[in-house]
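Structure assessment
Listed below, chain by chain, are the residues.
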Amino acid sequence: MDHRTYTYPDNLLHDRVILISGATAGVGRALAIHAAGHGAQVILHGRSVPKLEKIYDEIEAIDGAPRPSIAVMDLASADSDAYRTLADSLNDEFDHLDGLVNNASILGERFSIEQYDAAMWQQVMHVNVTAAFALTQVCLPLLHKSDDASVIFTSSGVGRQGKPFWGAYAVSKFATEGLSQVLASEQEHGKLRVNCINPGAVRTEMRRAAYPAEDRDALKRPEDVLPTYMYLLGPDSKGVTGQSLDAQ
Ligand SMILES: NC(=O)c1ccc[n+]([C@@H]2O[C@H](COP(=O)([O-])OP(=O)(O)OC[C@H]3O[C@@H](n4cnc5c(N)ncnc54)[C@H](OP(=O)(O)O)[C@@H]3O)[C@@H](O)[C@H]2O)c1
């Protein structure tokens, strides 16, 4: 079965509670809407309340979609108290979590290692790696309460093969692949599956910032890369863990 062309019923994610980080734009936004339309109760994470409210309203307007929840947190500045507060509110509202999609990331700057700004380096590593670690850590107790939970990390082609001028972003994606593998191996005998997805080139703001001059019409839209996400979030991927999948 090719996960890139995976087909699934309208109720694939019925009764599943799924937290998506960076649900306000790009791939995360498309996934949140699509997952809710397929029965998931999505927890929309983002840093901008107006953007979160907008997507909340869009999901509420989908016929039959469960009402979403909102989790506001700026991954660049959140401290341990903020993660504890998030964990407490998740615990108050939900008795389990079936999916966590670590999707939020920043690109940083396209400079050589020689010229890379140290503060920017720290920020990219923090948002892309440390925040994904911290978010996953506070979600694990609720994920363990599900019979079929799935954690997804988001990688990139430049996180598998080093390329010039991708700086901290590329290094953060290598680290993300590592984080996913380490967690997957720790959960080997449990019910939790842990995998990485490289969405490939997708028509989003991040892609525009990385390639401002390219023909955007030639790129896949966020909606086009979702089958791999749906496969890993739904029951058909039970037992699939420690993998790094290309969505294209
Ligand atoms: N697009 C591609 O071609 C491509 C290729 C390979 C891998 N990827 C990966 O795919 C994932 C999605 O990328 P995308 O292209 O959809 O990116 P995007 O359009 O730039 O969206 C990124 C999301 O992350 C959120 N975010 C960024 N910094 C945050 C912070 N400090 N706190 C909370 N949320 C924050 C953004 O929130 P705001 O809306 O508030 O900015 C937004 O919701 C990323 O992990 C990216 O590295 C993308």
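To keep things clear, this report deals only with the structure shown in the data block.

Thresholds, definitions, all that
- Residues numbered from 1 in each chain as written.
- Predicted model: local features only at pLDDT ≥ 70, side-chain atom pairs only at ≥ 80, totals over all residues.
- Heavy atoms only, no water.
- Near = heavy atom within 4 Å.
- Polar contact = N/O pair within 3.5 Å; in protein donor to acceptor, adjacent residues only side chain to side chain.
- Areas by Shrake-Rupley, 256 points an atom, 1.4 Å probe, with all protein chains shown as cover.
- Helix = DSSP H or I, 4+ residues; strand = E, 2+ residues; numbered from the N terminus.
- Nonpolar A, V, L, I, M, F, W, Y, C, P; charged D, E, K, R; others polar.
- Salt bridge = Lys/Arg side-chain N within 4 Å of Asp/Glu carboxyl O.
- Buried < 20%, exposed > 50% of the residue type's maximum accessible area, 1.4 Å probe, protein only.
- Expected span 1.5 Å × (residues − 1).
- Contact = heavy atoms within 4.5 Å.
- Axes fitted to C-alpha atoms, helices over the stretch in contact; angles between N-to-C directions.
- Parallel < 35°, antiparallel > 145°, perpendicular 65-115°, else oblique.
- Left-handed = near helix turned anticlockwise from the far one by under 90°.
- Phe/Tyr/Trp six-rings, centres within 6.5 Å; stacked < 30°, edge-to-face > 60°.
- Lys NZ or Arg CZ within 6 Å of the ring centre and 35° of its normal.
- Pairing = 2+ DSSP bridges.

Right, let's talk about the site of the ligand for a bit. What surrounds the ligand is a group of 31 residues, the closest being Thr 24, Lys 51, Asn 103, Tyr 169 and Thr 204. With respect to the ligand, the backbone of Val 27 contributes an N or O atom lying 2.8 Å from an oxygen atom. The side chain of Tyr 169 places a nitrogen or oxygen atom 2.6 Å from an oxygen atom of the ligand. Notes on the ligand: free accessible area 910 Å², of which the protein chains cover 93%. Elements supplying a minimum of two residues to the shell around the ligand: helix H1 (26-37), helix H5 (167-186) and helix H6 (205-210). Examining the composition of the shell around the ligand, we find that three residues originate from one element, H6, more than from any other. Partitioning the shell around the ligand into residue classes produces 13 nonpolar, twelve polar and six charged.

Below, the discussion takes up the pattern of salt bridges. Scanning the entire structure with this criterion turns up eleven salt bridges. Residues Glu 58 and Arg 29 are paired through a salt bridge, measuring 2.5 Å at the closest nitrogen-oxygen approach. Highlighted residues: Glu 58 in helix H2 (residues 49-60) and Arg 29 in helix H1, separated in sequence by 29 residues. For Arg 29, a relative accessible area of 25% corresponds to the partly exposed category. By sharing partners, the salt bridges in this structure join Arg 16, Asp 148 and Arg 193 into a single network.

With that settled, the discussion passes to H1. The terminal C-alpha atoms of H1, which comprises twelve residues, lie 17 Å apart, in line with the 16 Å expected from a rise of 1.5 Å per residue. Of the positions making up H1, those classed as buried are Val 27, Gly 28, Ala 30, Leu 31, Ala 32, Ala 35 and Ala 36. The elements touched by buried residues of H1 are strand S1 (17-20), strand S2 (41-46), H2, strand S4 (99-102) and helix H7 (226-233). Where H1 ends, the next residue or the one after it, Gly 39, has phi of about 100°, a positive value.

Relative to each other, helix H3 (residues 80-93) and helix H4 (residues 118-143) sit at 30°, their axes nearing to 10 Å. Classified by the angle their axes make, H3 and H4 are roughly parallel. For H3 against H4, the interelement crossing comes out right-handed. Facing H3, whose interface residues are Tyr 83, Arg 84, Leu 86, Ala 87, Leu 90 and Asn 91, H4 presents Ala 131, Ala 134, Leu 135, Val 138, Cys 139 and Leu 142. Partitioning the contact of H3 with H4 into residue classes produces ten nonpolar, one polar and one charged.

As a further point, take the packing of aromatic side chains. Tallied over the entire structure, the rule returns five aromatic pairs. On the numbers, 5.3 Å between centres and 35° between planes, the contact of Tyr 6 with Tyr 8 is tilted. Aromatic pair Tyr 6 and Tyr 231: ring centres 5.4 Å apart, planes at 70°, arrangement edge-to-face. In this pair, Tyr 6 sits in the segment before S1 while Tyr 231 sits in helix H7, placing the two residues 225 residues apart along the sequence. The buried category is assigned to Tyr 231, whose relative accessible area is 12%. Members of the aromatic cluster, connected to one another through ring pairs, are Tyr 6, Tyr 8 and Tyr 231. Positioned above the aromatic ring of Trp 166, the side-chain terminus of Arg 110 is 3.9 Å from the ring centre.

Across the sheet, which stays open at both edges, the seven strands sit in the order S3-S2-S1-S4-S5-S6-S7 with parallel pairing between neighbours. Strands with a single pairing partner mark the edges of an open sheet, and in this sheet they are strand S3 (69-72) and strand S7 (244-246). Adjacent strand axes in the sheet meet at a mean angle of 20° when their direction is disregarded. Where S4 meets strand S5 (residues 150-154), four bridges bridge the pair, whose relative direction is parallel. Bridge pairing in S5 links Gly 99 to Ser 150. Against the sheet, H5 makes contact with S5, strand S6 (193-198) and S7, and its axis sits at roughly 160° relative to S6, the strand it touches most.

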